[in-house]
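# Per-entry structural report
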Amino acid sequence: MSTRNVTVIGLQWGDEGKGKVVDAVARSCRYVVRYCGGANAGHSVNVGGQKYALHLIPSGILNANTRNVIGNGVVFDPPEALHEIDDLLGRGVKIGPENLFISGAAHVVMPWHKLGDKLIEQSLTSGKKIGTTARGIGPCYADKATRSTAIRVCDLLDEAVLKEKVQSICAARNATFAALYAAEPMDAQAIFAEYLAYGRRLAPMVCDAGTMLRAACKAGERICFEGGQGSMLDIDHGTFPFVTSSSVTACGVPGGAGISPKEIGYVVGVVKCYTSRVGTGPFPTEQDNETGQFLRTRGHEFGTTTGRPRRCGWFDAVAVRYAAELSGVDELGMMLLLDGEGQLETLRICTGYKYGGRSITEFDPTLPLERVECVYEDLPAWQEKIADVKRYEDLPAAARRYVERVEQLIGRPIGLLSVGLRREQTILHNSKLDKLG
Ligand code: IMP
């Protein structure tokens, strides 16, 4: 088992603040690797007073010595990646074949995936809509599973292969979309030319990422695996069908990066001190009221990718404990510890559900979550300002009590606490992160 590598994943419904944890971990890592999802992710990192919103590029890109890898498990969107690369280059961030590596085996999000994502969503009735990010994620993974209609990054580098694939797949999609949704046809020739040009520009960064990462493991170089979304959005273990289309937990790392399961290393599970969810689907602790509005305003809860207001609610210890156990989480990072000033008087933690006369303390992804009733424990909130607190001992007693109760309920220590957006607004408390191999 690797004791050097670190996997950082979200334990809720995404947007937990993983980017900040990855940024902290990445400084001691040679590699940062994305292994799931695609441009649906939105990782915010604040460095030197500047905010960077990353979607496809791994969060290690802001560290000069880190190699950033987009693994085979990612669905890669070339125009989106190039837009992000150009934006970062324009802001003085160094990006090139020496620090960005794209797996040739990653699948490519094509225009018909994005169009299909929108058309399918529009055609669903309100209770059935997934509320996707419209980035073509689900349709691209669907083609990966179909195989005969998939295009991989390596195909972008072979003109003849790309031409044949784009022509045949585009023709089939045009026929389906016209028949089902009366959609205008897409221009296969224009798409081929556009994606061939993307391939030419990206070619120096395309590589056999799995072999590179396995060699790095052998050489004892430290790798950080950067999760996307959150465990409750996992295709297998989340609140299906209101999930994303990839394996986002630590269980997805080996398959999505091409490394042995023994190399996952130390697992950090990131949570917010409350819960947010964007898109549709059940959310037992949701507060569709003034409390939810307060949390949304306090936490600036608007999507990094879509700008949509996020739904907000109390911390759900049942869901988080399930997610922590699923991924073998070693330590928690708690983000957005609420600043006390002008705060609520009480914070609630959901410790169980009631359903059909039963008390439930173990999360079951097949439960009709929209019908469970939450059992809450109330804890006093703190009213002091904490944005400048540097040491755990200096947090208000009520904040420490809240943190320690979460540790107890989840059965894992909270090693890292965030009290603000900036890098330096992070409190390390009994964290093992700086003591790894
Ligand atoms: P998709 O991944 O775009 O197909 O969206 C499926 C569901 O996952 C929707 O509810 C999205 O809002 C949600 N989702 C996808 N990516 C993220 C993310 O990075 N943060 C939070 N929610 C996400």
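Residues numbered from 1 in each chain as written. Predicted model: local features only at pLDDT ≥ 70, side-chain atom pairs only at ≥ 80, totals over all residues. Heavy atoms only, no water.

### With respect to the state of the cysteines
- The final tally for this structure, using the stated rule, is zero disulfides.
- Not part of a disulfide, Cys207 finds its nearest cysteine sulfur in Cys154, a span of 12 Å.
- Of the cysteine sulfurs around Cys224, a residue in no disulfide, the closest is that of Cys29, at 5.1 Å.
- Residue class for Cys224 comes out buried when judged on its relative accessible area of 0%. (Disulfide = S-S within 2.5 Å. Buried < 20%, exposed > 50% of the residue type's maximum accessible area, 1.4 Å probe, protein only.)

### Brief notes about the sheet that holds strand 11 (residues 266–272)
- Pairing is mixed across the open sheet formed by 10 strands, whose spatial order is 9-7-5-2-10-1-11-15-19-20. The two strands at the open ends of the sheet, each matched to only one other strand, are strand 9 (206–207) and strand 20 (426–428). (Pairing = 2+ DSSP bridges. Helix = DSSP H or I, 4+ residues; strand = E, 2+ residues; numbered from the N terminus.)

### Comments concerning empty space enclosed by the protein
- Overall, the coordinates contain one cavity of 30 Å³ or more when judged by the stated rule.
- Here the largest cavity defines a volume of roughly 40 Å³.
- Lining of the largest cavity is provided by Cys273, Tyr274, Leu295, Trp314, Phe315, Leu338, Leu347, Arg348 and Tyr402.
- Considering only residue class, the lining of the largest cavity consists of eight nonpolar, no polar and one charged. (1 Å grid on protein atoms, 1.4 Å probe; cavity = no way out; pocket = protein on both sides within 12 Å on 5 of 7 lines; lining within 4 Å. Points joined across faces, edges and corners; volume = space filled by probe spheres on them. Nonpolar A, V, L, I, M, F, W, Y, C, P; charged D, E, K, R; others polar.)

### Points about the packing of helix 3 (residues 111–123) against helix 4 (residues 137–146)
- Direction vectors running N to C along helix 3 and helix 4 enclose 120°, while the axes themselves pass 7 Å from each other. Here helix 3 lies oblique to helix 4, going by the angle between them. Relative to helix 4, the crossing made by helix 3 is right-handed. Between helix 3 and helix 4, the contacting residues are Trp112, His113, Gly116 and Asp117 on the first element and Ile137, Pro139, Cys140 and Asp143 on the second. (Axes fitted to C-alpha atoms, helices over the stretch in contact; angles between N-to-C directions. Parallel < 35°, antiparallel > 145°, perpendicular 65-115°, else oblique. Left-handed = near helix turned anticlockwise from the far one by under 90°. Contact = heavy atoms within 4.5 Å.)

### Things to note about the pairing of strand 7 (residues 100–103)
- Of the two faces of strand 7, the one holding Leu100 and Ile102 and the one holding Phe101 and Ser103 are both buried throughout.
- Note: strand 5 (residues 67–70) against strand 7, three bridges, orientation parallel. Among the inter-strand pairings, Ile70 is bridged to a residue of strand 7, identified as Ile102.

### Describing the site of the ligand
- Near the ligand lie 16 residues; those nearest to it are Asn40, Thr133, Thr244, Val278 and Arg308.
- Burial of the ligand by the protein amounts to 97% of the accessible area it has alone, namely 470 Å².
- Composition of the shell around the ligand by domain shows at least three residues from each of domain 1 (6–99 + 208–435) and domain 2 (107–205). (Near = heavy atom within 4 Å. Areas by Shrake-Rupley, 256 points an atom, 1.4 Å probe, with all protein chains shown as cover. Domains from an automatic or database assignment.)

### Quick word on helix 2 (residues 78–90)
- Compared with an ideal rise of 1.5 Å per residue, which puts 13 residues at 18 Å, helix 2 spans 18 Å between its outermost C-alpha atoms and is within 8% of the ideal.
- Looking only at helix 2, the buried set comprises Pro78, Glu80, Ala81, Leu82, Glu84, Ile85 and Leu88.
- Once helix 2 finishes, Gly92 follows within two positions and takes phi at roughly 85°, a positive value. (Expected span 1.5 Å × (residues − 1).)

### As for the environment of Val22
- Structurally, the position occupied by Val22 is in helix 1 (residues 18–26).
- A relative accessible area of 0% places Val22 in the buried class.
- Once the C-alpha coordinates of Val22 and Val32 are considered, the two residues, 10 residues apart in sequence, prove to be 8.2 Å apart.
- Excluding anything up to four places from it in sequence, Val22 contacts Val8, Val32, Ser59, Cys224 and Glu226.

### Some thoughts on the layout of surface pockets
- Considered as a void within the structure, the second largest pocket measures approximately 300 Å³ in volume.
- Along the walls of the second largest pocket sit 16 residues, with Ala24, Val25, Arg27, Leu416 and Leu428 positioned nearest its centre.
- Within the residue set of the lining of the second largest pocket, elements represented by two or more residues are helix 1 and strand 20.
- Top element by residues in the lining of the second largest pocket is helix 1. It accounts for five residues.
- Here the residues of the lining of the second largest pocket are counted per class, giving eight nonpolar, two polar and six charged.

### Notes on the pattern of salt bridges
- Counted according to the given criterion, the structure contains 23 salt bridges.
- Put simply, Arg135 and Glu80 hold a salt bridge, and the shortest N to O gap is 3.6 Å. Placement of the pair is Arg135 in the loop between helix 3 and helix 4 and Glu80 in helix 2, with a sequence separation of 55 residues. Across this residue pair, the class does not change: Arg135 and Glu80 are buried.
- Salt-bridge contacts for Arg201 lead to Asp86; the nearest nitrogen and oxygen are separated by 2.8 Å. In this pair, Arg201 sits in helix 6 (residues 188–202) while Asp86 sits in helix 2, placing the two residues 115 residues apart along the sequence.
- Residue class for Asp86 comes out partly exposed when judged on its relative accessible area of 38%.
- A network of salt bridges, in which partner residues are shared, links Asp15, Lys272, Glu301 and Arg310. (Salt bridge = Lys/Arg side-chain N within 4 Å of Asp/Glu carboxyl O.)

### So, the packing of helix 2 against helix 6
- Relative to each other, helix 2 and helix 6 sit at 45°, their axes nearing to 10 Å. Comparing the axis directions of helix 2 and helix 6 gives the class oblique. Where helix 2 crosses over helix 6, the handedness of that crossing is left-handed. Each of Pro78, Pro79, Leu82, Ile85, Asp86 and Leu89 in helix 2 lies in contact with helix 6, whose residues at this interface are Tyr195, Tyr198, Arg201 and Leu202.
- Grouping the constituent residues of the contact of helix 2 with helix 6 by class yields eight nonpolar, no polar and two charged.

The values are spatial; any link to function lies outside them.
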